[in-house]
Amino acid sequence: CAMKLFVIRKLSPYVLASVLLWLSDLFILQEMIAIRAALAQGLILLSIYFRCKDKKTYSVLVAILALGAHYSSAVFLPCIFLSSEKHYRFLYVPLIFLSYAFAMVSSSSLYQLLGSTGIAQLETLEEMYENTREINVFNLLNTTKALICLVLWFNVEKLVKENKNA
């Protein structure tokens with residue numbers, strides 16, 4: 001933010017007009033969205049903290065606040081309901097493989113199905129998807145993350161000895 005103001009001051013003979021233009025458009029589009037996303041991530045971490053302390057009501061309320069701050073926090077909402085108890089462990093492992101199975105299924109057909117509902121936003125999503133390139137979900141980064149999740153999950157009992165919130 002300060003660097004942008006510095007550059008505006010150096011390049012523009014009309015500093016106030018340039019700053020007002022920046023504030024009215026680019027600041028709202030870039031910085032405020034980033035601030036909201038950061039706030040949502042902080043609230044999700046707080047929600048997970050409350051979940052670890054068995055304060056489920058606070059956890060859900062803070063998660064709803066996070067969702068209100070930025071929709072990207074919806075991705076992390078399932079973390080609130082995870083449990084490290086042994087009988088749940090084998091229920092969660094297939095979720096990793098299921099997510100890869102969903103990624104392999106053509107998303108285009110999903111957008112076509114949702115787009116046929118007549119909702120304009122969904123039709124726009126379908127058009128956006130058709131204009132993008134395919135994403136390789138089996139790249140090195142994603143595969144490594146999945147393997148790390150599996151290794152940690154199968155060793156959760158050892159981790160719980162060191163940290164009860166594991």
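Provided above is the structure to which this section pertains.
The next point concerns the overall build of the chain. Within the chain, the secondary structure is distributed over eight helices and zero strands. Along the chain, helices and strands appear, N-terminal first, in the series α-α-α-α-α-α-α-α. Counting only residues that meet the buried cut, the chain has 21% of its 166 residues in that class. Of the contacts made within the chain by residues no fewer than 6 positions apart, 52% connect residues no fewer than 24 positions apart.

Applying the stated criterion across every chain yields a total of one salt bridge. Between arginine 51 and aspartate 54 there is a salt bridge whose closest N-O contact spans 3.9 Å.

Turning to helix H2 (residues 15-52), a few remarks are in order. At phenylalanine 27, H2 shows its strongest bend, of approximately 65°. All buried positions along H2 are accounted for by Val19, Trp22, Phe27, Glu31, Ala40, Leu43, Ile44, Ser47, Phe50 and Arg51. On its buried side, H2 packs onto helix H1 (2-11) and helix H3 (56-69). Two residues or fewer past H2, aspartate 54 is found with a positive phi of approximately 60°.

The next thing to look at is the packing of H1 against H2. Running from amino to carboxyl end, H1 crosses H2 at an angle of 150°, the nearest separation of the two axes being 10 Å. Here H1 is positioned roughly antiparallel relative to H2, judged by the angle of their axes. Both H1 and H2 take part in a crossing whose hand is right-handed. Contacts from Lys4, Leu5, Ile8 and Arg9 in H1 reach Val15, Ser18, Val19, Trp22, Gln30 and Glu31 in H2. Of the residues that constitute the contact of H1 with H2, the class distribution is five nonpolar, two polar and three charged.

Quick look at the packing of aromatic side chains now. The tally for this structure, following the rule as stated, stands at two aromatic pairs. Consider the rings of tyrosine 49 and phenylalanine 50, whose centres lie 5.7 Å apart with planes at 55°: the pair is tilted. A residue is classified by how much of its surface remains accessible, and tyrosine 49, at 44% relative accessible area, is partly exposed. Since its relative accessible area comes to 16%, phenylalanine 50 is described here as buried. Chaining the aromatic ring pairs together yields one cluster made of Tyr49, Phe50 and Tyr58.

The subject of this paragraph is the nonpolar core. By size, the foremost hydrophobic cluster in this structure holds seven residues: Tyr92, Val93, Ile96, Tyr100, Ala146, Leu150 and Trp153. Counting residues per element, the ones that place at least two in this core are helix H4 (86-104) and helix H7 (140-154). With residues up to four places along the chain from it excluded, the contact list for valine 93 reads Leu150, Trp153 and Phe154. Residues Leu43, Ile44, Val62 and Ala66 belong to the second largest nonpolar core, which totals five residues.

Rules and cut-offs
Residues numbered from 1 in each chain as written. Predicted model: local features only at pLDDT ≥ 70, side-chain atom pairs only at ≥ 80, totals over all residues. Heavy atoms only, no water. Helix = DSSP H or I, 4+ residues; strand = E, 2+ residues; numbered from the N terminus. Buried < 20%, exposed > 50% of the residue type's maximum accessible area, 1.4 Å probe, protein only. Contact = heavy atoms within 4.5 Å. Salt bridge = Lys/Arg side-chain N within 4 Å of Asp/Glu carboxyl O. Bend = angle between axes of the 7 residues up to and from the residue. Axes fitted to C-alpha atoms, helices over the stretch in contact; angles between N-to-C directions. Parallel < 35°, antiparallel > 145°, perpendicular 65-115°, else oblique. Left-handed = near helix turned anticlockwise from the far one by under 90°. Nonpolar A, V, L, I, M, F, W, Y, C, P; charged D, E, K, R; others polar. Phe/Tyr/Trp six-rings, centres within 6.5 Å; stacked < 30°, edge-to-face > 60°. Core = buried A, V, L, I, M, F, W, Y, C linked by side-chain atoms within 4.5 Å.

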